[in-house]
Amino acid sequence: MTVAEEAEKYGLHRVGARPTLVNYLKQTWQRREFIYELAKARVQSQNQKNRLGMIWVVLKPTFNAIMYGVIFGILMGGKRGPDFPVFVIIGVFLFEFFTTSMNGGAKSITGNKALVQSLAFPRLSLPVAQVTQNFLMLMPMLAVMFVYAMILGTTPKWTWFGIIPLLVLFSIFNMGIALICARITVHVRDFTQILPILTRVLFYTSGVLFSADRLLNEWPWMIAVFDIHPLYQTLQIARGMIMNNAEYDPWAWPLVAAWAVVTLVVGLIYFWKAEERYGRAN
């Protein structure tokens, strides 16, 4: 009888062995309080040394929206569309949630090397805590986003509450992206050097600053690509619910939901498959 067979006979398991996916999720759920407290502590400490503290959570996307809004508003001319300032603010604020989740998720394992190598816990807790942290930071940003919208002439309406289910789907999608990036970074550390470039490319190709229907009306095939673009359609739904006289395709909802579920499932399985390797990350 081999050692493995002998161990199985007496119910012994290899230290650090990857649990089944169901048990893995159960173990992570059991640590939900730790995940939330870790996320909250990081939010509180992130800008603690800055004179303005947490105000930078709102100031950073605000400055970005002003800068990009002015530059691209001038470049696009008549193609920028009505209510362009509100259009840009919604795009920049929501895209910030995506980029911080992707970049933070990528570093969630490699950036916590001591914790990963010294304690036994489901590593899934770390990227989940990262996305939770970004979601907590999004809350004041959303409040300010709605204030900006009203200052710029947008009329409050009941459809604003539709942002709640949209953010649920967007958070699920971001979680899947964070999990995929977390594992890639463990295997390929140079991925962190590529991320800023990837982030910038996505920023300029996700409709943060433009409407595909207005800017690309001479290239129908490109509009067809944007019709299935998850980030673009998420922003279009948000703008359709918040802005005056803005519309979106109702089919965008099942599209965004499908992207969110598929991305999360793929990301979860992809991340879980390498669970045993994270503790040995160097």
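Caption draft 1: Up close: the overall build of the protein. From N to C terminus, the protein includes 14 helices and zero strands. Listed by position from the N terminus, the elements making up the protein come as α-α-α-α-α-α-α-α-α-α-α-α-α-α. Taken across its 282 residues, the protein has 45% of its residues classed as buried. Of the contacts made within the protein by residues no fewer than 6 positions apart, 79% connect residues no fewer than 24 positions apart. Of the roughly 15,300 Å² that the protein leaves accessible, carbon and sulfur atoms contribute 65%.

Caption draft 2: Local environment of a nonpolar patch on the surface. A cluster of nonpolar side chains, contributed by Val147, Met150, Ile151 and Leu152, occupies part of the molecular surface with about 370 Å² of accessible area. Within the element layout of this structure, Val147 appears in helix α7 (residues 125–151).

Caption draft 3: Main features of the nonpolar core. In terms of nonpolar packing, the biggest core is built from 50 residues, with Ile90, Leu94, Phe98, Met145, Ile163 and Ile242 touching the most fellow members. Broken down by secondary-structure element, the contributors of at least two residues to this core are α4 (56–76), α5 (84–106), α7, α8 (163–187), α9 (191–205), α12 (230–242) and α13 (252–273). Once residues lying within four places of it in the same chain are set aside, the contact partners of Ile242 are Ile90, Met145, Phe146, Ala149, Thr154, Lys157, Trp160 and Ile163. Among the nonpolar cores identified, the runner-up in size contains 21 residues, and Tyr24, Phe121, Leu124 and Leu179 belong to it.

Caption draft 4: Broad picture of α8. Over its 25 residues, α8 runs 36 Å from end to end, which matches the ideal 36 Å to within 8%, given 1.5 Å per residue. Most of α8 is tucked away, with 18 of its 25 residues classed as buried.

Caption draft 5: Here's a closer look at the environment of Phe87. With respect to the helices, strands and loops of the structure, Phe87 is situated in helix α5. C-alpha separation for the pair Phe87 and Phe210, spaced 123 residues apart in sequence, amounts to 8.3 Å. Beyond its immediate chain neighbours, meaning those up to four positions away, Phe87 contacts Gly207, Val208, Leu209, Phe210, Ser211, Gln236, Arg239 and Met243.

Definitions and limits used
- Residues numbered from 1 in each chain as written.
- Predicted model: local features only at pLDDT ≥ 70, side-chain atom pairs only at ≥ 80, totals over all residues.
- Heavy atoms only, no water.
- Helix = DSSP H or I, 4+ residues; strand = E, 2+ residues; numbered from the N terminus.
- Buried < 20%, exposed > 50% of the residue type's maximum accessible area, 1.4 Å probe, protein only.
- Contact = heavy atoms within 4.5 Å.
- Areas by Shrake-Rupley, 256 points an atom, 1.4 Å probe, with all protein chains shown as cover.
- Patch = residues over 30% accessible without salt bridge, like charges linked within 9 Å, V, L, I, M, F, W, Y side chains within 5 Å.
- Salt bridge = Lys/Arg side-chain N within 4 Å of Asp/Glu carboxyl O.
- Core = buried A, V, L, I, M, F, W, Y, C linked by side-chain atoms within 4.5 Å.
- Expected span 1.5 Å × (residues − 1).

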